[in-house]
Amino acid sequence: MKKFLLSLGLISALTIAGCSQSDSEDDTADDSAAEQQDEDTQSDDSSDNSEVKKELLSAQMDFTSTISPYQQKINAYQANLEDEEASDEDIEASAEEALTAAKDAQAELEDYQFEADVPDDVKESYQQAISSLGDYYSEMETAIDTSALEPDFSAAQEKWDQFQEQITSIYEGQDMFAPNMADALS
């Protein structure tokens, strides 16, 4: 009888240990499946974020190639203003080109559609930044119209700063390095 009880005790102990191990394996399997699902989700998020970054960079290249010819004429005018050797005639000629460029840039930006496969909030933020850039060109036009030889660009600079802040916010929100748009458009 002692052998029987001893055998029954050992069988019970092994059965309990086996069941306990099985529960532990189930928990481990559940934890492993949950971790795998988290990794898959992170991988999908990373892939999505990577695609958003690619789309933003592609859209930025398109945008800068469209707008930079206008900004280059304005930059040339501003360089002439600072050049002590430039004659008033040269400044006025470059002012005319800058004035036309500012008007054309505004028209271009009014019709410009930000074409990128990005979340709606990013697209909306970019459109707002484009609107601020349009306001910059409007202020440039006003300043040049008022005085080609001694323009006051302070209002235009405020609009430019607002535009740059908006662009910076968009890119930093996607964990990207924000471009200096003055360099990008020149």
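Keep in mind the model is a prediction, meaning the values are calculated, not measured. (Residues numbered from 1 in each chain as written. Predicted model: local features only at pLDDT ≥ 70, side-chain atom pairs only at ≥ 80, totals over all residues. Heavy atoms only, no water.)

## Considering unusual backbone geometry
Not every positive phi belongs to a glycine, and aspartate 175 is a case in point at roughly 55 degrees. Tracing the backbone shows aspartate 175 in the loop between helix H4 (154-173) and helix H5 (181-185). (Helix = DSSP H or I, 4+ residues; strand = E, 2+ residues; numbered from the N terminus.)

## So, the packing of helix H3 (residues 120-146) against H4
Remark: H3 packs on H4, axes separated minimally by 8 Å, with the N-to-C direction vectors making an angle of 165 degrees. Between H3 and H4, the crossing angle belongs to the class labelled roughly antiparallel. Handedness of the crossing formed by H3 with H4: left-handed. On H4, the residues that touch Val122, Ser125, Tyr126, Gln128, Ala129, Ser132, Leu133, Asp135, Tyr136, Glu139 and Met140 of H3 are Ala155, Ala156, Lys159, Trp160, Gln162, Phe163, Gln166, Ile167, Ile170 and Tyr171. For the contact of H3 with H4, the per-class residue count stands at 13 nonpolar, five polar and three charged. (Axes fitted to C-alpha atoms, helices over the stretch in contact; angles between N-to-C directions. Parallel < 35°, antiparallel > 145°, perpendicular 65-115°, else oblique. Left-handed = near helix turned anticlockwise from the far one by under 90°. Contact = heavy atoms within 4.5 Å. Nonpolar A, V, L, I, M, F, W, Y, C, P; charged D, E, K, R; others polar.)

## Things to note about the nonpolar core
Leu56, Phe63, Tyr126, Leu133 and Tyr137 are the most contacted members of the largest nonpolar core, which has 42 residues in total. Mapped onto this core, the elements with two or more residues apiece are helix H1 (2-82), helix H2 (88-111), H3, H4 and H5. When residues of this core are assigned to their parent elements, the largest contribution, ten residues, is made by H3. (Core = buried A, V, L, I, M, F, W, Y, C linked by side-chain atoms within 4.5 Å. Buried < 20%, exposed > 50% of the residue type's maximum accessible area, 1.4 Å probe, protein only.)

## Some details on H4
The end-to-end C-alpha separation of H4 is 28 Å, in line with the 28 Å expected for 20 residues at 1.5 Å each. Looking one or two residues beyond H4, the residue adopting positive phi is aspartate 175, at roughly 55 degrees. (Expected span 1.5 Å × (residues − 1).)

## A closer look at the side chain of threonine 64
Relative to the assigned elements, threonine 64 resides in helix H1. On the basis of relative accessibility, which here comes to 11%, the residue threonine 64 falls in the buried class. Not counting residues up to four positions away in its chain, the partners in contact with threonine 64 are Met181, Ala184 and Leu185.

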